[in-house]
Amino acid sequence: MKTNRESYRRLGRSAWLGGDHLLVVNARFFSERHMRLYRGDIETMVLYSLQRNQGALLVLECLCALTPLGVCAYAWWLRQVYIATAWRVLIPGIAFALTYAIWRFVQPNWACLLSTKTSRAGLVLGRTARRAKRNFTELVAWVSQVQGRLTGVESLAMGGAVDHDPKATKPYTQAVHAAAFACGASGWILLGIGSPPVLGLAIFALMTYYGLLGAAYFAQSASEFPFAVKSAAVMSQISAIICLLVLLSGASSNPMRFYFLMRGATLGQLAGISAVSFSIYGIVAMTLAATELPRPGTARRSVLGLEG
């Protein structure tokens with residue numbers, strides 16, 4: 001039974017302020033886990049920035065985000081001489097780029113870690129530093145009503161480091177994403193080979209891939225989930241939906257047919273090249289995350305110590 005939140009005041013995406021406690025809600029698959037932190041028990045509060053792609057991962061992300069548009073542009077270049085309406089073939093690539101850009105823009109960039117003697121909870125506070133600082137200030141003032149001036153908040157926040165227990169259970173799993181990326185890359189590569197002996201294996205891998213993309217949506221809901229892995233999954237999910245819409249739009253039984261001039265081999269190229277690119281991006285992101293030191297919640301700049 002879900003908690004009645006009518007008596008709470010919302011703070012960020014997953015937290016509500018009650019009369020004497022903070023309700024933190026973590027959605028996982030088809031369930032929610034509720035945690036209550038009473039403001040008299042809160043000992044530390046640190047505002048930090050969530051990690052985003054940098055360096056080679058950022059370049060790889062941008063290249064993958066432009067891959068569907070590149071495939072569509074190549075198809076348009078081949079057809080523009082013969083068909084006056086060939087520009088329509090660009091629509092799926094443009095739709096993908098815009099959809100992913102919107103998703104990327106609304107992602108939260110700031111979170112807060114709260115600790116008591118017995119538990120810890122992380123909550124997302126906003127996309128911009130300004131909004132996150134406003135929510136964090138409200139949270140500090142709310143706790144100060146019971147505990148008085150919180151000297152520990154400023155000193156910890158200025159330090160900008162958050163230490164997580166390495167033995168603690170992670171609030172997320174990457175197993176679903178690893179299986180999805182492996183099936184997506186191998187399935188489309190085997191299908192591209194076109195050898196009859198591996199055709200059945202390719203179809204099975206692709207069916208598994210598209211099925212796992214739905215499960216990945218729920219598995220990546222934790223705020224600390226590695227962003228690069230999540231972005232690769234989101235690209236795959238958006239691409240799968242757009243390819244499905246393109247396929248349906250070209251169906252002869254569709255009464256409101258909007259022809260994208262993309263069928264057969266061209267649509268297969270869009271789906272296959274995109275899926276393989278995104279899967280490789282996801283595998284690279286997971287490999288880098290596994291070889292680096294644990295980072296969730298570490299090396300973050302607090303708003304109180306933010307430079308600019």
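What you see is a predicted model; the values in this text were computed from it and never measured.

### Some thoughts on the nonpolar core
One recurring pattern in soluble globular proteins is that nonpolar side chains are buried together. One finds Y100, M235 and Y281 to be the most contacted residues of the largest nonpolar core, which totals 40 residues. Within the residue set of this core, elements represented by two or more residues are α1 (56-79), α2 (91-106), α5 (175-193), α6 (196-219), α7 (227-249) and α8 (264-291). A per-element tally of this core places α7 first, with 12 residues. The residues touching Y100, leaving out its near neighbours within four places in the chain, are E61, A65, S231, V234, M235 and I238.

### Let's talk about empty space enclosed by the protein
Per the counting criterion, the structure on display carries 1 cavity of 30 Å³ or more. Of the volumes computed, that of the largest cavity is approximately 40 Å³. Mapped onto the lining of the largest cavity, the elements with two or more residues apiece are α2 and α7. In terms of residue class, the lining of the largest cavity is made up of 6 nonpolar, 2 polar and no charged.

### Here we look at the pattern of salt bridges
Applying the stated criterion across every chain yields a total of 1 salt bridge. In this structure, E61 and R104 form a salt bridge, with 2.6 Å as the shortest nitrogen-oxygen distance. A residue pair is termed long-range when its members are at least 10 positions apart, and E61 in helix α1 and R104 in helix α2 qualify at 43 residues. By relative accessible area, which is 2% here, E61 ends up buried. For R104, a relative accessible area of 24% puts it in the partly exposed group.

### Points about a nonpolar patch on the surface
Together, I241, L244, L245, L247 and L248 make up an exposed nonpolar region whose accessible area comes to about 500 Å². Topologically, L247 is positioned in helix α7. The class for L247 is exposed, based on a relative accessible area of 52%.

### With respect to the packing of α1 against α7
For the pair α1 and α7, interaxial distance at closest approach is 11 Å and the crossing angle is 5 degrees. Of the possible angle classes, the one that applies to α1 and α7 is roughly parallel. Where α1 abuts α7, its residues L57, E61, C64 and A65 lie against F227, A228, S231 and M235.

### Quick word on the sheet that holds strand β5 (residues 44-49)
Here we have 3 strands laid out as an open sheet, ordered β5-β6-β7, and antiparallel in their pairing. Of all the strands in the sheet, just β5 and β7 (120-126) have a single pairing partner and so form its edges. Each strand axis lies, on average, 25 degrees off the axis of its neighbour in the sheet, ignoring direction. In this structure, β5 lies alongside strand β6 (residues 110-115), joined through 6 bridges in antiparallel fashion. Residue L47 lies in a different strand from β6, and its bridge partner there is C112. Helix-sheet contacts for helix α3 (residues 129-147) involve β5, β6 and β7, and the interaxial angle to β5 is about 180 degrees.

### Structural notes on the pairing of β6
Most of β6 sits inside the fold, with 6 of its 6 residues counted as buried. Residue alternation in β6 divides its side chains into two sets, W110, C112 and L114 and A111, L113 and S115, and both sets are buried. As defined by bridge partners, β6 adjoins β7 across 6 bridges and the pair is classed as antiparallel. Its bridge partner being in β7, A111 is matched across the sheet by V124. The hairpin formed by β6 and β7 contains 4 residues between the paired strands.

### Regarding the confidence of the model for the protein
Mean pLDDT over the protein stands at 76; residues scoring 70 or higher make up 74%. Note that pLDDT drops below 50 for residues 154-169; the model gives that stretch 24 contacts with residues more than four away or on any other chain.

Cut-offs applied
- Residues numbered from 1 in each chain as written.
- Predicted model: local features only at pLDDT ≥ 70, side-chain atom pairs only at ≥ 80, totals over all residues.
- Heavy atoms only, no water.
- Core = buried A, V, L, I, M, F, W, Y, C linked by side-chain atoms within 4.5 Å.
- Buried < 20%, exposed > 50% of the residue type's maximum accessible area, 1.4 Å probe, protein only.
- Helix = DSSP H or I, 4+ residues; strand = E, 2+ residues; numbered from the N terminus.
- Contact = heavy atoms within 4.5 Å.
- 1 Å grid on protein atoms, 1.4 Å probe; cavity = no way out; pocket = protein on both sides within 12 Å on 5 of 7 lines; lining within 4 Å.
- Points joined across faces, edges and corners; volume = space filled by probe spheres on them.
- Nonpolar A, V, L, I, M, F, W, Y, C, P; charged D, E, K, R; others polar.
- Salt bridge = Lys/Arg side-chain N within 4 Å of Asp/Glu carboxyl O.
- Patch = residues over 30% accessible without salt bridge, like charges linked within 9 Å, V, L, I, M, F, W, Y side chains within 5 Å.
- Areas by Shrake-Rupley, 256 points an atom, 1.4 Å probe, with all protein chains shown as cover.
- Axes fitted to C-alpha atoms, helices over the stretch in contact; angles between N-to-C directions.
- Parallel < 35°, antiparallel > 145°, perpendicular 65-115°, else oblique.
- Pairing = 2+ DSSP bridges.
- pLDDT = per-residue confidence, 0-100.

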